[in-house]
Amino acid sequence: MGTPLAFRATAQWWRQTRRRLPTTIVVALLLPLGYLASLGIGIGHYVDRGDGWLAGVPYAAWLAPGLLAATAFQGAATDGLWSVYGAVKWAGQYKAQIATPLRPRDALLGHWAYIVLRMAIVAALELAVMATFGAWRRPTAALALPGAVLTGGAFAAALMAWAVTRETEGSFVVVQRFVITPLFLFAGTFFPLAELPAVLRWFAYATPLWHGVSLCRGLMVPGTSGAVMAANVAYLGVLAAAAMTVAVRSYERRLAP
């Protein structure tokens, strides 16, 4: 009885999905590792022989931190949209939770904590595998785990604040196609932003995924200053706090009896 109410919501999500967790983890790992093997090693063979913009870091090692952040970002998109909508419209987890002493904010925090927990498990496994690709090139490489979780957690909170207000899921496909996918491709995951036109470059700098990629890459491979990484953390921290504040209000308006 002494467990905080939000933790009870987290425990409910864990019980409902724990049997599917191994499959979820395997699927979540296959995409970034496929990219790392095909692009990092395959195309990386040619990139490493190029004009030297990698400053002596193998392309596979340079690519790995970007994939770590991008995987957390994409996982946040899926859970922050579909699982929230499902909890409101389909399976009714939120309705069941607020029929107990849990409040709407407890339902939000409990679900968000579960998303972050699952994200951390996947990111930890990815980070361990990435060590075999030579991606741990700084003593701070292990700190990329909280960096990736911060990236995904901040974005998940923002999407949850919006998704809980939706009456239909039709707009989710639009968000996935015109927001999530372009950011995955053009936020510095696969190539430096210096290769983009100036207008697109500054737009990318303003996105949460670029800050996550920059933070994880700076922690894992040389080349990013401490000041830039501090700015990355500040950006993501402010986004998480602001998104959670809005999310609490959205959940209370939607779920309050």
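Structure: see above.
Remember, it's a predicted structure, so these values are computed and weren't measured experimentally.

1. Considering the environment of tryptophan 90
Then step 1. Looking at where tryptophan 90 falls in the secondary structure, it is placed in helix α3 (residues 59–90).
Then step 2. With relative accessibility at 54%, the residue tryptophan 90 sits in the exposed group.
Then step 3. Not counting the four nearest positions on each side in its chain, tryptophan 90 is found in contact with Trp82, Tyr85 and Glu169.

2. Observations regarding the nonpolar core
Then step 1. Counting residues in hydrophobic clusters, the biggest one holds 69 residues, and the most contacted among them are Leu68, Tyr94, Leu209, Met220 and Tyr251.
Then step 2. Secondary-structure elements contributing two or more residues to this core are α2 (21–47), α3, α5 (104–130), α6 (144–163), α7 (170–186), α9 (208–220) and α10 (226–255).
Then step 3. Tallying contributions element by element places α3 first for this core, with 17 residues.
Then step 4. If we skip the residues at most four places from it in the chain, leucine 68 touches Ala123, Glu126, Leu127, Met130, Ala144, Ala148, Cys216 and Met220.

3. Some remarks on helix α1 (residues 5–17)
Then step 1. Helix length check: α1 (13 residues) gives 19 Å between terminal C-alpha atoms against 18 Å at 1.5 Å per residue, within 8%.
Then step 2. Along α1, the residues classified as buried are Ala6, Ala9, Thr10, Gln12, Trp13 and Thr17. For α1, the angular spread of the buried residues around the axis is 155 degrees, confining them to a single face. Of the exposed residues in α1, the ones pointing more than 90 degrees away from its buried face are Phe7 and Arg15.

4. Comments concerning the pattern of salt bridges
Then step 1. In this structure the tally under the stated criterion is five salt bridges.
Then step 2. A salt bridge links aspartate 106 to arginine 103; the shortest N-O distance between them is 3.1 Å.
Then step 3. Of the residues examined, aspartate 106 reaches a relative accessible area of 4% and is grouped as buried.
Then step 4. Given the relative accessible area of 45%, arginine 103 is considered partly exposed.
Then step 5. Between arginine 254 and glutamate 167 there is a salt bridge, with the nearest N and O atoms lying 3.5 Å from each other. Taken together, the residues arginine 254 in helix α10 and glutamate 167 in the loop between α6 and α7 connect sequence positions 87 residues apart.
Then step 6. Assessed through its relative accessible area of 25%, arginine 254 is described here as partly exposed.
Then step 7. Through salt bridges with shared partners, one network takes in Lys89, Glu167 and Arg254.

5. Let's talk about the packing of α9 against α10
Packed helix pairs are specified by the crossing angle of their axes together with the interaxial distance, meaning the distance between the axes.
Then step 1. The N-to-C vectors of α9 and α10 enclose an angle of 140 degrees; their axes lie 9 Å apart at closest approach. With respect to α10, the element α9 is oriented oblique. As α9 packs across α10, the resulting crossing turns out to be left-handed. Residues Pro208, Trp210, His211, Gly212, Ser214, Leu215, Gly218 and Leu219 of α9 form the contact with α10, whose own contacting residues are Val228, Met229, Ala231, Asn232, Val233, Tyr235, Leu236 and Leu239.
Then step 2. Among the residues making up the contact of α9 with α10, the classes are represented as 11 nonpolar, five polar and no charged.

Cut-offs used in this document
Residues numbered from 1 in each chain as written. Predicted model: local features only at pLDDT ≥ 70, side-chain atom pairs only at ≥ 80, totals over all residues. Heavy atoms only, no water. Helix = DSSP H or I, 4+ residues; strand = E, 2+ residues; numbered from the N terminus. Buried < 20%, exposed > 50% of the residue type's maximum accessible area, 1.4 Å probe, protein only. Contact = heavy atoms within 4.5 Å. Core = buried A, V, L, I, M, F, W, Y, C linked by side-chain atoms within 4.5 Å. Expected span 1.5 Å × (residues − 1). Arc of directions from axis to C-beta. Salt bridge = Lys/Arg side-chain N within 4 Å of Asp/Glu carboxyl O. Axes fitted to C-alpha atoms, helices over the stretch in contact; angles between N-to-C directions. Parallel < 35°, antiparallel > 145°, perpendicular 65-115°, else oblique. Left-handed = near helix turned anticlockwise from the far one by under 90°. Nonpolar A, V, L, I, M, F, W, Y, C, P; charged D, E, K, R; others polar.

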